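# Secondary and tertiary structure notes
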Amino acid sequence: MDSRLTQPVEEFGKSAGEYIDLRIDELKLKTAKGLSVTLHRILLAVLFLSLGGIVLTTAAFGCILLIGQLMHNYALGAFLVSAFFLVLLIVLVLLRKKLFINGLVKMFIGLFFEEKDEEEED
C-alpha cells in the first residue's frame, strides 16, 4: 500500500527534475546563440572599422598632399585635414548617445529577447 501512495510522488519528482533540466538546457542554448551572434557582430564591426580606418588614413594623407600641393604648404594641408577631423570628432561626441549607445542597447535587446517575441506570436 505504501508503494501505491509514494509512486505518484516519485514520478512527479522525476518529471519535475527532467523539466528543470530541460529549462536549463534551453537557457544554455539561448545564451550560446545570443553570445555567438553578438561575437559575430563585434568581429565584423572590428573588421569593418579596421578597414575603414585604413581607407580613411590613406584618404586623409592624399588630401594632405593635394591641399599642400595646391597651397604650396604641406603643413597647412595637414592642419586643414586635422581641423576637419576635429570637427567630425566633436559632432560624434555630441551625438554619441543617439548614434551608438541607444543603437547598441536596441541591438542587444533584439538579440537576447528575439525568440520570446516569436514564440508569443505563434
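Residues numbered from 1 in each chain as written. Predicted model: local features only at pLDDT ≥ 70, side-chain atom pairs only at ≥ 80, totals over all residues. Heavy atoms only, no water.

### Regarding the overall build of the protein chain
- The number of helices and strands found in the protein chain is three helices and zero strands.
- Within the protein chain, the proportion of its 122 residues that are buried is 7%.
- When contacts within the protein chain are restricted to residue pairs at least 6 apart in sequence, long-range pairs at least 24 apart make up 50% of them. (Helix = DSSP H or I, 4+ residues; strand = E, 2+ residues; numbered from the N terminus. Buried < 20%, exposed > 50% of the residue type's maximum accessible area, 1.4 Å probe, protein only. Contact = heavy atoms within 4.5 Å.)

### As for the pattern of salt bridges
- On inspection of all chains with the given rule, the structure shows two salt bridges.
- The shortest N-O distance in the salt bridge between E26 and R23 comes to 2.9 Å. Of the two residues, E26 and R23 both sit in helix α1 (residues 2-71), three residues apart, roughly one turn of that helix.
- Classification of R23 as partly exposed rests on a relative accessible area of 45%.
- The partner of K30 in a salt bridge is E26, with the nearest N and O atoms 3.6 Å apart. Residue K30 and its partner E26 are located together in helix α1, separated by four residues, close to a single helical turn.
- Of the residues examined, K30 reaches a relative accessible area of 26% and is grouped as partly exposed.
- Residue E26 is classed as partly exposed on the basis of its relative accessible area of 27%. (Salt bridge = Lys/Arg side-chain N within 4 Å of Asp/Glu carboxyl O.)

### Quick notes on the packing of aromatic side chains
- Taken as a whole, this structure holds one aromatic pair when the rule is applied.
- Residues F84 and F85 carry aromatic rings whose centres are separated by 5.5 Å and whose planes lie at 65° to one another, so their mutual orientation is edge-to-face.
- On the basis of relative accessibility, which here comes to 53%, the residue F84 falls in the exposed class.
- When its relative accessible area of 27% is taken as the criterion, F85 is described as partly exposed. (Phe/Tyr/Trp six-rings, centres within 6.5 Å; stacked < 30°, edge-to-face > 60°.)

### A look at helix α2 (residues 74-94)
- The terminal C-alpha atoms of α2 lie 30 Å apart, and with 21 residues this matches the ideal 30 Å at 1.5 Å per residue to within 8%.
- The residue sitting at the N-terminus of α2 and contributing the capping side-chain oxygen is N73; that oxygen lies 3.2 Å from the backbone nitrogen of A75. (Expected span 1.5 Å × (residues − 1). Polar contact = N/O pair within 3.5 Å; in protein donor to acceptor, adjacent residues only side chain to side chain.)

### Quick word on the confidence of the model for the protein chain
- Residues at a pLDDT of 70 or more form 89% of the protein chain, whose mean pLDDT is 85.
- Ranking the helices and strands of the protein chain by mean pLDDT puts α2 first, with 94, and helix α3 (residues 96-121) last, with 68. (pLDDT = per-residue confidence, 0-100.)

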